[in-house]
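Listed below, chain by chain, are the residues.
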Amino acid sequence: MIFNVIKKARNIEMLGTAMKKRYLLLALLVLSATSLFVGVSRISPIDLLNIHSEETQIFLISRLPRLVAILLAGAGMSIAGLIMQQLSRNKFVSPTTAGTLDATRLGILVAMLLFANATTMQKMLVALVFALAGTFLFMQILDRIKFKDAIFIPLVGLMFGNILSSVTTFFAYKADVIQNMSAWLQGDFSAVMKGRYELLYISIPILIIAYFYANRFTVAGMGEDFSKNLGLAYKRIVNIGLILVALITVTVVLTVGMIPFLGLIIPNIVSIFKGDHLQKTLPHTALLGAIFLLICDILGRLIIYPYEISISLMVGVIGSGIFLYLLFRRKAYA
Amino acid sequence: MIEVKSLSKFYGKKAVVEDISVTIQPRKITSFIGPNGAGKSTLLSMVSRLLDADTGDVLMDQTDVRKMKSNEFAKRVSILKQSNYMNVRLTIRELVSFGRFPYSKGRLTEEDERIVDQSLEYMGLTDMQDQFLDELSGGQRQRAFIAMVIAQDTEYILLDEPLNNLDMKHSVQIMKILRRLVDELGKTVVIVLHDINFASVYSDWIVAMKDGRVVKDGPTEQIIQSDALKEIYDMDIPIQQMGGCRICVYFNS
């Protein structure tokens with residue numbers, strides 16, 4: 001009994017140490033290097049010395065963009081989740097559990113139906129409008145619900161998302177674009193190539209803005225009265241936060257597809273060890289999100305080599321396991 | 001000095017606060033007392049700008065509070081509502097540091113750090129400043145929030161039922177701290193209280209409310225009288241003088 005307690009304490013301590021920024025950075029570097037050299041075509045670092053070799057071309061057209069996409073999507077979705085959890089004051093709210101992802105998908109469908117050959121920019125704008133509207137609608141619902149149970153709220157969000165999703169499926173079916181739409185449903189990095197992922201770079205300035213607003217988000221996370229007491233324009237900060245979340249979600253869904261659970265588990269893990277002071281936890285959350293997604297991607301590429309398991313399946317399986325663990329553990333710390 | 005002038009607040013057609021005018025004296029503890037639903041918290045929320053009044057004005061040193069910038073207002077008036085932000089994992093020090101937010105927007109200067117240190121010291125929280133709020137007892141947490149308000153360094157400190165969910169020991173501790181804030185640091189404290197004996201023992205001035213109106217407004221010893229209490233609570237409450245305190249024995253009346 002006592003032995004177990006000590007062992008548990010040591011485990012937690014070790015995890016806490018592993019959460020230090022420099023270890024996370026180290027892990028990220030090692031995994032990134034691994035990711036670059038895992039794949040169907042064998043590429044060794046020496047091949048890269050020859051700029052015109054086929055290996056170098058693959059490296060530049062496929063491997064490097066893939067890595068960048070994973071890093072940006074991982075960091076972006078985790079930060080989006082973190083901001084949503086802080087602003088909704090609920091640990092189980094994320095783009096997956098608040099309908100943001102489903103609203104985005106509906107937006108993409110509308111863009112495809114309205115503009116026959118929608119450019120990425122058009123899709124992005126329409127999807128952004130929908131993602132924003134969906135998220136704001138969810139926040140409005142949240143405002144009106146008196147029963148603010150930690151588990152109840154995300155359930156409402158999931159139902160809301162499912163309604164949006166069925167609307168999407170209905171119209172996609174009518175317009176005969178179901179197959180096209182399911183491509184947006186499944187997150188997949190194998191299609192990421194030079195020229196197809198650059199939209200994701202938008203998340204870099206967004207992450208910087210998020211960091212700049214970190215303190216304000218933390219204060220807003222303490223509630224409207226608390227924020228007003230400190231002279232903070234609560235509504236404006238919440239709106240800015242939700243716009244950032246919608247922007248990140250839209251760019252990720254448009255380039256990679258839906259990645260469930262990421263925005264849910266990563267911020268929660270970081271919160272257990274580092275607390276909820278965003279200025280301190282944002283870097284860790286971004287790093288851990290990128291690391292987690294990299295691990296899932298590398299595993300997905302290796303398990304049925306030379307084929308690939310899509311990232312949304314990998315994250316879904318591993319992520320839901322961790323999510324369940326968090327649910328059970330929650331009583332212990334909350 | 002805060003002057004409340006014919007303030008009203010309606011929810012639908014029902015007046016929660018109706019035509020209230022009171023003056024809050026500087027460097028005193030003023031308690032708002034009265035039965036449930038008397039409008040005490042609503043009044044406090046309007047004074048602190050958390051709620052907009054439907055009619056009437058709140059003047060702070062002759063300035064309409066609605067005309068003040070939120071940041072400037074936050075440097076002069078702080079308000080703590082019944083706190084239940086327990087799912088936020090911040091350390092005590094992080095929370096107290098947010099008291100400096102109106103001054104530094106989160107980028108703490110050396111001066112800010114010094115004030116945070118002092119506030120923690122004042123509330124006896126220095127040794128536990130790195131503990132997370134969700135790991136504290138109710139009394140410790142309430143002390144942490146008050147430390148934040150001290151760091152906010154406002155002339156006026158408004159508290160909505162600060163003794164809620166606290167046991168006797170911690171309630172006394174909090175009230176003594178509020179007394180010191182007034183006596184030692186020259187703050188003006190306004191509290192909504194449920195326990196009439198805490199109001200009697202610790203406050204200088206009492207505003208008694210009922211059905212959205214002020215029924216009594218005066219120095220503590222004038223309000224803690226059987227006939228005045230009868231008017232406020234509809235109860236015959238005998239008053240006992242004990243150790244220099246006027247105690248209301250309402251348990252069997």
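Residues numbered from 1 in each chain as written. Chains lettered and ligands numbered in written order. Predicted model: local features only at pLDDT ≥ 70, side-chain atom pairs only at ≥ 80, totals over all residues. Heavy atoms only, no water.

Visitor: Would you mind going over the overall build of chain A with me for this structure?
Guide: Each helix and strand counted, chain A has 14 helices and 0 strands in total. Along chain A, from the amino end to the carboxyl end, the secondary structure elements read α-α-α-α-α-α-α-α-α-α-α-α-α-α. Taking 2.2 N^0.38 as the reference for a compact globule, 334 residues should give roughly 20 Å; the C-alpha atoms of chain A span a radius of gyration of 20 Å, in line with that estimate. C-alpha atoms of chain A, sized along the principal axes, occupy 60 × 60 × 35 Å. The burial tally for chain A puts 54% of its 334 residues in the buried class. Relative to all contacts within chain A whose residues are 6 or more apart in sequence, the contacts with residues 24 or more apart total 75%. (Helix = DSSP H or I, 4+ residues; strand = E, 2+ residues; numbered from the N terminus. Rg over C-alpha atoms; globule rule 2.2 N^0.38 Å. Buried < 20%, exposed > 50% of the residue type's maximum accessible area, 1.4 Å probe, protein only. Contact = heavy atoms within 4.5 Å.)

Visitor: Is there a simple way to explain the overall build of chain B in this structure?
Guide: Across its full length, chain B carries 10 helices and 12 strands. Against the globule reference of 18 Å for 253 residues, chain B gives a C-alpha radius of gyration of 18 Å, in line with a compact fold. Relative to its full complement of 253 residues, chain B shows a buried share of 55%. When contacts within chain B are restricted to residue pairs at least 6 apart in sequence, long-range pairs at least 24 apart make up 63% of them. By element, 47% of the accessible surface of chain B is carried by carbon and sulfur atoms, the whole surface being about 11,200 Å². Across chain B, the 32 positively charged side chains and the 36 negatively charged ones have centroids separated by 3 Å. (Areas by Shrake-Rupley, 256 points an atom, 1.4 Å probe, with all protein chains shown as cover. Lys, Arg positive; Asp, Glu negative; His and termini not counted. Charge placed at Lys NZ, Arg CZ, Asp CG, Glu CD.)

Visitor: Could you clarify how one ought to interpret empty space enclosed by the protein in this entry?
Guide: Rolled over the atoms, a probe as big as a water molecule pinpoints where empty space is left. Applying the stated criterion across every chain yields a total of 6 cavities of 30 Å³ or more. Looking at the largest cavity, its volume works out to about 150 Å³. Gln85(A), Gln86(A), Lys91(A), Asp276(A) and Asn87(B) are, among the 14 residues lining the largest cavity, the residues nearest its centre. When contributions to the lining of the largest cavity are tallied by element, the ones reaching two or more residues are α3 (54-88) and α12 (262-274) of chain A. For the lining of the largest cavity, the element with the highest residue contribution is α3(A), accounting for 3 residues. Taken together, the residues that form the lining of the largest cavity break down as 3 nonpolar, 8 polar and 3 charged. Each pocket or cavity is described by its volume, and for the second largest cavity that value is around 80 Å³. Leu7(B), Met46(B), Arg49(B), Leu51(B), Asp52(B), Ala53(B), Gly56(B), Asp57(B), Val58(B), Val65(B) and Arg66(B) together form the lining of the second largest cavity. Of all the elements, strand β4 (residues 55-60) of chain B adds the most residues to the lining of the second largest cavity, at 3 residues. (1 Å grid on protein atoms, 1.4 Å probe; cavity = no way out; pocket = protein on both sides within 12 Å on 5 of 7 lines; lining within 4 Å. Points joined across faces, edges and corners; volume = space filled by probe spheres on them. Nonpolar A, V, L, I, M, F, W, Y, C, P; charged D, E, K, R; others polar.)

Visitor: How should the nonpolar core be read in this particular structure?
Guide: Taken as a class, soluble globular proteins show a tendency for nonpolar side chains to be buried jointly. Within the largest apolar cluster, 156 residues are counted, with the highest numbers of intra-cluster contacts made by Phe189(A), Ile259(A), Leu293(A), Ile92(B) and Leu178(B). It is α3(A) that provides the largest number of residues to this core, a total of 14 residues. Setting aside chain neighbours within four positions, we find Leu293(A) in contact with Ile70(A), Ala73(A), Gly74(A), Phe189(A), Ile259(A), Leu262(A), Ile311(A) and Val315(A). One finds Phe32(B), Leu44(B), Val65(B) and Tyr156(B) within the second-largest nonpolar core, a separate group that totals 29 residues. (Core = buried A, V, L, I, M, F, W, Y, C linked by side-chain atoms within 4.5 Å.)

Visitor: Mind showing me how you'd approach the packing of helix α6 (residues 138-152) of chain B against helix α7 (residues 168-185) of chain B here?
Guide: Angle between the axes and distance between the axes are the two parameters that describe a pair of packed helices. All names here are of chain B. Interaxial distance between α6 and α7 falls to 10 Å at its minimum, and their mutual angle equals 15°. Put simply, α6 runs roughly parallel to α7. Regarding α6 and α7, the two cross each other, and that crossing is right-handed. Facing Gly139, Gln142, Arg143, Ile146 and Ile150 of α6, the residues of α7 in contact are His170, Gln173, Ile174, Ile177 and Leu181. Of the residues contributing to the contact of α6 with α7, the split by class is 5 nonpolar, 4 polar and 1 charged. (Axes fitted to C-alpha atoms, helices over the stretch in contact; angles between N-to-C directions. Parallel < 35°, antiparallel > 145°, perpendicular 65-115°, else oblique. Left-handed = near helix turned anticlockwise from the far one by under 90°.)

Visitor: Before we go on, may I ask you to explain the sheet that holds strand β6 (residues 77-80) of chain B in this structure?
Guide: Strand pairing in a sheet is mediated by backbone hydrogen bonds. Such pairs are either parallel or antiparallel. All names here are of chain B. With respect to topology, 6 strands assemble into an open sheet ordered β6-β7-β8-β3-β9-β10, the strand pairing being mixed. Each edge of the open sheet is held by one strand with a lone partner, namely β6 and β10 (213-219). Shown here is a sheet whose adjacent strand axes are inclined to one another by a mean of 15°, direction ignored. Helix-sheet contacts for helix α1 (residues 40-47) involve β3 (29-33), β6, β7 (156-160), β8 (188-192) and β9 (205-210), and the interaxial angle to β7 is about 150°. In the packing of helix α10 (residues 226-233) onto the sheet, the strands contacted are β3, β9 and β10, and the crossing angle to β10 comes to about 155°. (Pairing = 2+ DSSP bridges.)

Visitor: Sorry if this is basic, but what is going on with the interface of chain A and chain B here?
Guide: Frequently, the measure chosen for interface size is the accessible area removed from exposure when the parts meet. Taken together, the contact pairs 26 residues of chain A with 29 residues of chain B. Summing both sides of the interface, chain A and chain B together bury roughly 2,300 Å²; the carbon and sulfur share of this comes to 57%. In terms of surface lost to chain B, no three residues of chain A exceed Met222(A), Asn229(A) and Leu230(A), which account for 27% of the buried area on that side. The interface formed by chain A and chain B contains 1 salt bridge. Between Glu94(B) and Lys280(A) there is a salt bridge; the shortest N-O distance is 2.9 Å. At the junction of chain A and chain B, the tally comes to 7 residue pairs in polar contact (both at pLDDT 80 or more). Elements with a contribution of two residues or more to the side of chain A that touches chain B: α9 (214-220), α10 (224-229), α12 and α13 (278-303) of chain A. Across the side of chain A that touches chain B, the residue classes break down as 8 nonpolar, 10 polar and 8 charged. (Buried area = accessible area lost by both parts, 1.4 Å probe. Salt bridge = Lys/Arg side-chain N within 4 Å of Asp/Glu carboxyl O. Polar contact = N/O pair within 3.5 Å; in protein donor to acceptor, adjacent residues only side chain to side chain.)

Visitor: Looking at this structure, I do not really get the pattern of salt bridges. What am I missing?
Guide: Between side chains of opposite charge, a pair can form when the charged atoms approach closely. Applying the stated criterion across every chain, the model contains 29 salt bridges over all chains. Across the pair Arg180(B) and Glu184(B) runs a salt bridge whose closest N-O atoms are separated by 3.4 Å. In this pair, Arg180(B) and Glu184(B) both sit in helix α7, 4 residues apart, roughly one turn of the helix. By relative accessible area, Arg180(B) is classed as partly exposed at 33%. Linking Lys216(B) and Glu231(B) is a salt bridge whose minimum nitrogen-to-oxygen distance equals 3.5 Å. One end of the pair, Lys216(B), is in strand β10; the other, Glu231(B), is in helix α10, and 15 residues separate them in sequence. A relative accessible area of 26% means that Lys216(B) is categorised as partly exposed. What emerges from the salt-bridge pattern is a single network uniting Arg66(A), Asp297(A), Arg301(A) and Glu308(A).

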